[in-house]
Amino acid sequence: MTGPADIDRQVLDAVENLVPLWFSAVEEVNPRLSPRQILALRAVRGRPELNLTGLAERLGVGLPTASRLCDRLEAADLLQRCARLDDRREVRLVVTERGRRFLAEISERLSERLGDALAALPPTERVRVEQMLRALGGSVS
């Protein structure tokens, strides 16, 4: 019989098998960014109202670390800091067009790799994996 610990182990194994797919997708895209830089860029894209403090909180890092991340992303023309018109003391973070293309390219490459991996599975197994991924995606905040 399969218990909660067995299911947890199966999910962990599945996630660990997805990590190399993600890394291979990221390795082929320029500029080469660290996982944390990519997470920062994705966080900003997903929350247009995000400022530096919000980004630091979202990533679980200190303000100096978040600021350095933004410095590097801004230098690569992937992110822009914009002063709010109504409060010039607050700086909003915005993903540039180049940053959006960068993230789209990563998503496209990852989608190709996932598609290949799923296509290699027997149909019943593929349906189970897709259901599990949807369930996990819905539970992540």
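(A) Region of the structure containing the packing of helix H3 (residues 52-59) against helix H4 (residues 63-75). It is at 9 Å that the axes of H3 and H4 come closest, and there the two elements cross at 105°. By the criterion of interaxial angle, the relationship of H3 to H4 is roughly perpendicular. Residues Leu52, Thr53, Leu55, Ala56 and Leu59 of H3 form the contact with H4, whose own contacting residues are Leu63, Ala66, Ser67, Leu69 and Cys70. Taken together, the residues of the contact of H3 with H4 break down into 8 nonpolar, 2 polar and no charged.

(B) Geometry of the confidence of the model for the protein. Looking at the protein, the pLDDT average stands at 84 and 93% of residues meet or exceed 70. Per-element confidence in the protein is highest for H4, whose mean pLDDT is 95, and lowest for helix H1 (residues 4-27), whose mean pLDDT is 75.

(C) Local environment of the nonpolar core. In terms of nonpolar packing, the biggest core is built from 25 residues, with Leu41, Leu55 and Phe102 touching the most fellow members. The set of elements that each furnish at least two residues to this core consists of helix H2 (35-46), H3, H4, strand S2 (91-95) and helix H5 (97-119). The element contributing the most residues to this core is H2, with 5 residues. Here leucine 41 is in contact with Leu73, Leu78, Leu79, Val95, Gly99, Phe102 and Leu103, once residues within four sequence places are set aside.

(D) Inspection of a nonpolar patch on the surface at higher detail. Taken together, the side chains of Val15, Val19, Phe23, Leu133 and Leu136 present a nonpolar region at the surface, about 360 Å² in accessible area. For the nonpolar patch, the secondary structure elements donating two or more residues are H1 and helix H6 (123-139). Looking at where valine 15 falls in the secondary structure, it is placed in helix H1.

(E) Examining the pattern of salt bridges more closely. This structure, assessed with the given rule, holds 6 salt bridges. Put simply, arginine 100 and glutamate 97 hold a salt bridge, and the shortest N to O gap is 3.1 Å. Linking arginine 100 with glutamate 97, this pair stays in helix H5, spanning 3 residues, or about one helical turn. Residue classification places glutamate 97 among the partly exposed residues on the basis of a relative accessible area of 44%. Two residues, arginine 128 and glutamate 125, come together in a salt bridge whose shortest N-O distance is 3.5 Å. Of this pair, arginine 128 and glutamate 125 both sit in helix H6, 3 residues apart, which is roughly one turn of the helix. Its relative accessible area of 48% is what places arginine 128 among the partly exposed residues. Here the salt bridges do not stand alone but share partners, grouping Asp71, Glu74 and Arg81 into one network.

(F) Focus on the environment of alanine 135. Tracing the sequence through the fold places alanine 135 in helix H6. What makes alanine 135 exposed here is its relative accessible area of 52%. For alanine 135 and phenylalanine 102, which are 33 residues apart along the polypeptide, the C-alpha to C-alpha distance reads 27 Å.

What counts, and where the lines are drawn
Residues numbered from 1 in each chain as written. Predicted model: local features only at pLDDT ≥ 70, side-chain atom pairs only at ≥ 80, totals over all residues. Heavy atoms only, no water. Axes fitted to C-alpha atoms, helices over the stretch in contact; angles between N-to-C directions. Helix = DSSP H or I, 4+ residues; strand = E, 2+ residues; numbered from the N terminus. Parallel < 35°, antiparallel > 145°, perpendicular 65-115°, else oblique. Contact = heavy atoms within 4.5 Å. Nonpolar A, V, L, I, M, F, W, Y, C, P; charged D, E, K, R; others polar. pLDDT = per-residue confidence, 0-100. Core = buried A, V, L, I, M, F, W, Y, C linked by side-chain atoms within 4.5 Å. Buried < 20%, exposed > 50% of the residue type's maximum accessible area, 1.4 Å probe, protein only. Patch = residues over 30% accessible without salt bridge, like charges linked within 9 Å, V, L, I, M, F, W, Y side chains within 5 Å. Areas by Shrake-Rupley, 256 points an atom, 1.4 Å probe, with all protein chains shown as cover. Salt bridge = Lys/Arg side-chain N within 4 Å of Asp/Glu carboxyl O.

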